[in-house]
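Spelled out from the first residue to the last, the chains are:
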Amino acid sequence: MDAAPRDPAQRGSAPRPGRRPGTTAVGTALALAVGLGGLGLALPATAAEQGTVEAGRVADSAAGPIDYTVYLPPGYDDAEQEYPTLYLLHGRGDTQAAWQQVTGDLDELIGAGEIQPMVVVMPDAPWNDRGSWYTDSLYTGDATGAGAGTAVETAFTRDLVAHVDATYRTVEDREARAVGGYSMGGAGALRFTLAHQDTFSAGIVLSPAVYVPQPPADSSARDYGAYGVGTAPFDADRYTELSYPAALAALDPALPVHLFVAVGDDEWANPDPAEATHDIDFESARLYNQARRVPGVTAELRVLDGGHDWEVWRPAFREGVVDVSARLRTTPAAPWDAELLGSAGDDRAGGVAALPDGGTAVALNLAGAWDGYEPAGGLDTVVVRRDADGAEVWRHAVATAADDRAYGVVPGADGGVLVAGYTKGDLDGAHAGTTRDDGFVAAVTADGERAWTLQTGDPGAADRFYAVAPDGAGGAYVAGYTSGAVGDAPSAGDKDALVGRVSAAGELLWLRQVGGPGEDKALAVAASPDGAVSVGGVSGGGMPGAERAGANDGWVARYDADGELEWLRAVATRENDQVNGLVARSDGSVVAVGHTRGALGEGGNLGDNDVVVRALDATGEVLWTTQVGTSTDDRGVTGVLGADDAVLVVGTTYGALGTAVGGVDVVTFPVAADGTPGEATQTGSRERDGADEWDDANLFAAPAPASGPESDDPAGTTGEGAALLTGLTYGAPAGTTNAGAADVFVARVPWDAVVPGSGTGEPPLTVTAESRCLAGKAYVAVRATSTADAPVDVELATPYGTRIVADVAPAANAYQSFPVRATTVPAGEATATADGRAVVVFGAGWGAGTGMVSR
């Protein structure tokens, strides 16, 4: 260690006791917060299942022998399964022992079901006097005492990986491998991930000692020969050759990679103002902002409270390993069956609709030229009409020289369509010189001609329509916001929500403005069969008649056909809540779809945002609430009505509500008329799908035509059997290539409104359950052993959540552990279900009345 460190990569970073973090918002639980009554579990606490840690050695490599420590997950010796692999690189001057302190974190996270079991390799890197930077060094050494360099990069990425795959039961595929590191190890992890895409698919990059374009004059990256040539310990051209900008420029987007970057906000500040941009917190932000703009790279950035030490690295590792675990794949993903549309620019989806003749209409928001279409301005709305066979009938641009963006398309009069959104230009020919957003509704005839355009709003303020629904008479209801004043109502605050009705002839029949002192937006609208209209959204300061509950409150209101407010209800906790979609049902009730960080359902919050689904009757009374989530970020976006008033909920997830694909996935699951949720399905690419970089949803759904124009229900008004989805993707469906930035996907998703669990007969499972205590936290663990003759999907359910384990082989175990957010674990039931047949185990059999404190 240097007595007077000059930069963070020179500081001591040997392991020392760190702040023990709480569980980060991570995991894979599918939690049900409805219909569970007072069920609970009373189980004896047991010790945490622990992995094993052992030493290993690669006898020969490009750099000579490699010593390492390997963590093998709980159950490794008792099973035959193959595991994903994570390699962890230590910092300058440290040893393989530095990473061994996280083995307890791995035990806890695996035991809690928050990461998948994995083999974790912690190699030693003694070369260049422990300042190798994990490069293939060309330095021959000199009289200063620095050791000669060697081919560390090749040794690790080729020889160590081959040895581990030959020695342990690991999946020999890039999609099952990740690499992480801190400081110098963070630089190595970044290099390995970007320059060896055929070996690694993800990197955990903590406080990386990387500098652009060159290290500062006093950086230890210049001293140890990692970037040296011959007798010179540092060569600027060699550094540039090995730098991450060069690796990003050469990156193959066909082999996508993910980076989790984290850094402390109290990093060492270089006293030379000219070198301030080389502070590692600044460099980490630069890395993130450069990497996420490269096709084939997704990235997350976290800034934590702390400096260049384990006070940052340990909690950052906990969050990072969960983020990366959700992306590691041990079996091939099912191909994503969807159509890809889009330009080389940053495009967005604008809506999808099924039409009475069995055809469809899709609205695109294009940022560039596409398939013969030449753009009119910044962002253009283009509506594409297709027949029942999928052939294009016409395309129609709703565009000016400024930005125009659609937020929904619905059937209109006489076979036409209506599209709504906002424009910054003169869309109707009566707003020349406008510079602020206006809401618009445009009607396109069945022949693809513009019938009329309505453009409206406060001339001096921004106004947008964010949702549209057919009114049943050829017109539409619209919803959005104004930052000014429209109609007779004065502005109540920052932004006010808008809801209005437009006739089939393009006349604005009424427009209502409602809001409180904060920023209020209407994000969803749905027309009921009785002629009323429901609207929902988010409020920053509370809505009239609904007391403010938290930072942002969700809300739902109902208006009659003439625009008179009947009621307004908050959908809110003390945390952040939002209503994003509404589905009107046949009995006049409405189902709100959104997300919450609080506990709107009976089972409480599962981590970060959870999907929330709430039904309200025609008088505004709550019928039921279902809260579903993992301990990562899950958000409900919209829904589709199905048979018997069931609803297909559509949203996004960072976790594994179903089987995770990677990045942000699109998730769908049915909810029965009584609020009971069914099995979740995740689709998408390895990249971000359904939401942009700020997690703002860009996802639309509509009932699909059941079977073409000859069907009894050609427009799919009940949604039975399938739904149409469209949204943005930064990846691509199978067999296609992303045109650049975000493109638009269109997919048909089959679904069954029947909730699983109705089967009969002897279940092919044996089940045990117990309580356990991990790091002072209570969990309920359920293990089901398959007695079936073929692989089965097993659903494990407790009052604290439900999870689905797919493709459990005969005689193999499905094991999940559920966190209990309570001071005791009361008696109750756990259920394991396969092939629609369930085994129910009652809590009294496990020691009813035995309490356990969760601290």
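None of the values given here were measured: they were computed from a predicted structure. (Residues numbered from 1 in each chain as written. Predicted model: local features only at pLDDT ≥ 70, side-chain atom pairs only at ≥ 80, totals over all residues. Heavy atoms only, no water.)

### Here we look at the overall build of the chain
Going by this rule: A helix here means a DSSP run of H or I that spans at least four residues, while a strand means a run of E at least two residues long, and both kinds are numbered starting from the N terminus. To sort residues, take the accessible area from a 1.4 Å probe on protein chains only and compare it with the maximum for the residue type: under 20% means buried, over 50% means exposed, and anything in between is partly exposed. Contacts are assigned to residue pairs that have any heavy atoms within 4.5 Å of one another. Areas reported here follow the Shrake-Rupley algorithm with a probe of radius 1.4 Å; residue values treat only the protein chains shown as occluding.
Broken down by element type, the chain carries 8 helices and 45 strands. Evaluated residue by residue, the chain yields a buried proportion of 61% over its 855 residues. Counting only contacts in the chain whose residues sit at least 6 apart along the sequence, the fraction spanning at least 24 positions is 62%. Of the roughly 29800 Å² that the chain leaves accessible, carbon and sulfur atoms contribute 50%.

### Re the side chain of E267
We count it as follows: The term polar contact refers here to a pair of N or O atoms within 3.5 Å; inside protein, the definition further demands a hydrogen-donor-capable atom paired with an acceptor-capable atom, and it admits residues adjacent in sequence only when both atoms are side-chain atoms.
With respect to the helices, strands and loops of the structure, E267 is situated in the loop between β9 (257-264) and α7 (280-291). Judged by relative accessible area, E267 falls into the buried class, the value being 8%. Reaching out from E267, the side chain makes a polar contact with the side chain of H308 at a distance of 2.8 Å.

### Quick word on the pairing of strand β29 (residues 590-596)
Rule in force here: When DSSP finds two or more bridges between a pair of strands, those strands are recorded as paired.
Most of β29 is tucked away: 7 of the 7 residues are buried. Neither face of β29 is open: one carries V590, A592, G594 and T596, the other V591, V593 and H595, and all of them are buried. Taking the residues that link successive antiparallel strands as the turn, the strand β28 (residues 577-584)-β29 hairpin has 5 residues, and the phi of G588 there is positive, at about 90°.

### Quick notes on the nonpolar core
Convention followed: Only buried residues count toward a nonpolar core. Its members are Ala, Val, Leu, Ile, Met, Phe, Trp, Tyr and Cys residues joined through side-chain atoms within 4.5 Å.
Of all hydrophobic cores here, the largest spans 58 residues; its most connected members are W133, F156, L194 and L259. Ignoring sequence-local partners within four residues, the contact set of F156 consists of I66, L89, P123, D124, A125, W127, Y134, V161 and F192. Formed by 30 residues, the second largest nonpolar core is a distinct cluster that contains L86, L109, M122 and I204.

### Some points on the sheet that holds strand β33 (residues 647-653)
Strand pairing in a sheet relies on backbone hydrogen bonds, with the paired strands running either antiparallel or parallel. Convention followed: Inter-axis angles, ranging from 0 to 180 degrees, are taken between N-to-C directions of lines fitted to C-alpha atoms, where helices are fitted over the stretch in contact.
The strand order across the open sheet formed by 4 strands is β32-β33-β34-β35, and the pairing between neighbours is antiparallel. Each having just a single partner strand, β32 (634-641) and β35 (681-683) make up the two edges of the open sheet. Neighbouring strand axes in the sheet, compared pairwise and without regard to direction, differ in orientation by 25° on average. Bridge count for strand β34 (residues 665-671) against β35 is 3 bridges, and the pairing is antiparallel. Considered in β35, the bridge of V667 is made with Q682.

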